[in-house]
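What follows is each chain in one-letter form.
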Amino acid sequence: MKRLIIVCVVAGLAWSGHWFWSAHQLRQQTEAWFEARRAAGWEARYDDLTVLGFPNRLDATFTDLTVADPAGSVRWQAPFLQVFRLIYKPEHLILVWPEDQTLTTAAGTTTVSDEGMRASLVLDEGEVLRSNLEARSLTLEMPGGVLAMTDLTAALAHIDADSYRLAFNASGPAAEDETTSGFSADATFTLDAPLTQDSLNGPPPQPTGISLRLAEYRIGEASLKLSGDLDLDAEGVASGTLSLQAENWRELLDAAGARGDLPTALVTPLDQSLTLVANLRGNPETLDLTLEVSEGRLSLGLIPVGRIPPLRLP
């Protein structure tokens, strides 16, 4: 019995030493990362870093975080960020965000408000294998308007080489008339380099192609579906073909006009044009269109209908 007690005490002391050494290493690595970013011209700082979780976890809590790239094109600020990991699974991370944070880009400042937003990240020797994100609610107050979502889930998985699959699903907040809405997407994209932990240290990998299995927006009994393949050049400019299907499309058009997403003066002529197209296809309540994308320009046959902005990671 005495020998067993001694073994348990020694094992406990060894594990405690291992935990404190791991916590010390985590703190040193974190501080070194921030120092390296500052040396490279970034703004990268935090007010405090606390590491807890003894005996089986390493729970790092940052307070008053600011990270901005050297060009000042992207700036992120948050009152705190928590990163949890099991000490025996250091490449499986859980991230917890605050209820409010800000993201500033060339387009302006976006205020992010959320409830219960957290994510998991699984690495293999620094390479991203998969990641999942969830939030009970998420609201983005952007320069161009407000985007609100509920029951948000997203998943990213490494397929092979530089290919990744991304799935997304979210509901919209119920309107006054209790009309429900939602958005989902399933796509595979290729990058010019793998996603790794080191991607945070410099320019991120950029997409070179997107295969959109299905993106669907639903409101009430109406739905809008989009699928197709796009090739992206070095500047993120898209070319390819997209298929668009819409059911009960007038409901979508009326909702866009009521929200102000479309100028009132465009609603009636667009209704008339789409009615003509739908009648030619044989079903006035359904649209089935092929959209051509050439150097970012979107067209329906010979009719230009808009542009797709360059698709690049900040």
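For the structure itself, consult the block above.
On a predicted model such as this, the values are computed, not experimentally measured, just so you know.

This part covers the overall build of the protein chain. Looking only at helices and strands, the protein chain features 3 helices and 18 strands. Buried positions account for 33% of the 314 residues belonging to the protein chain. A fraction of 45% describes how many contacts in the protein chain between residues 6 or more apart in sequence connect residues 24 or more apart. Total accessible area computed for the protein chain in this model is approximately 18,400 Å², and 58% of it derives from carbon and sulfur atoms. Each charge sign in the protein chain was given a centre, from 23 positive and 42 negative side chains, and these centres are 8 Å apart.

So, on to the packing of aromatic side chains. To describe a pair of aromatic rings, you give the distance between the ring centres and the angle between the ring planes. The final tally for this structure, using the stated rule, is 9 aromatic pairs. Between Trp19 and Phe20, the ring centres sit 4.9 Å apart and the planes meet at 85°, which makes this aromatic pair edge-to-face. Under the relative-accessibility criterion, Phe20 is labelled exposed at 53%. Pairing Tyr46 with Phe62 gives two aromatic rings, centres 5.4 Å apart and planes at 80°, and the pair type is edge-to-face. Taken together, the residues Tyr46 in the loop between strand E1 (43-45) and strand E2 (48-52) and Phe62 in strand E3 (residues 57-68) connect sequence positions 16 residues apart.

So, about a nonpolar patch on the surface. Judged by side-chain polarity, Trp15, Phe20, Phe54 and Tyr88 come together as a nonpolar surface patch covering roughly 460 Å² of accessible area. Along the polypeptide, Trp15 turns up in helix H1 (residues 2-39). With a relative accessible area of 33%, Trp15 lands in the partly exposed category.

Next up on the list: the nonpolar core. Core analysis: the biggest nonpolar cluster contains 38 residues, and Leu58, Phe62, Leu65, Trp76, Trp97 and Leu138 have the highest contact counts within it. Looking at this core element by element, the count peaks at 5 residues for E3. Every residue in contact with Trp76, bar those within four places of it in the chain, is listed here: Leu65, Thr66, Val67, Leu81, Trp97, Gln101, Thr102 and Leu103. The next biggest cluster of nonpolar side chains, apart from the first, holds 16 residues, and it includes Leu232, Leu244, Trp249 and Ile308.

Let's shift gears to the pattern of salt bridges. Any two side chains of opposite charge can pair, so long as their charged atoms come close to each other. For the structure on display, the rule yields 8 salt bridges. Here Arg213 makes a salt bridge to Asp186, at a shortest N to O gap of 3.6 Å. On the criterion of sequence distance, the pair formed by Arg213 in strand E13 (residues 207-219) and Asp186 in strand E12 (residues 181-191) is long-range, its members being 27 residues apart. The class of Arg213 is partly exposed, set by a relative accessible area of 45%. By sharing partners, the salt bridges in this structure join Glu43, Arg45 and Arg75 into a single network.

Inspection of the sheet shows strand E4 (residues 75-86) paired to strand E6 (residues 100-105) by 3 bridges, in the antiparallel sense. In the strand pairing of E6, Gln77 is matched with Thr102. Between E6 and strand E7 (residues 108-115), which follow one another and run antiparallel, lie 2 residues.

Conventions we followed
Residues numbered from 1 in each chain as written. Predicted model: local features only at pLDDT ≥ 70, side-chain atom pairs only at ≥ 80, totals over all residues. Heavy atoms only, no water. Helix = DSSP H or I, 4+ residues; strand = E, 2+ residues; numbered from the N terminus. Buried < 20%, exposed > 50% of the residue type's maximum accessible area, 1.4 Å probe, protein only. Contact = heavy atoms within 4.5 Å. Areas by Shrake-Rupley, 256 points an atom, 1.4 Å probe, with all protein chains shown as cover. Lys, Arg positive; Asp, Glu negative; His and termini not counted. Charge placed at Lys NZ, Arg CZ, Asp CG, Glu CD. Phe/Tyr/Trp six-rings, centres within 6.5 Å; stacked < 30°, edge-to-face > 60°. Patch = residues over 30% accessible without salt bridge, like charges linked within 9 Å, V, L, I, M, F, W, Y side chains within 5 Å. Salt bridge = Lys/Arg side-chain N within 4 Å of Asp/Glu carboxyl O. Core = buried A, V, L, I, M, F, W, Y, C linked by side-chain atoms within 4.5 Å. Pairing = 2+ DSSP bridges.

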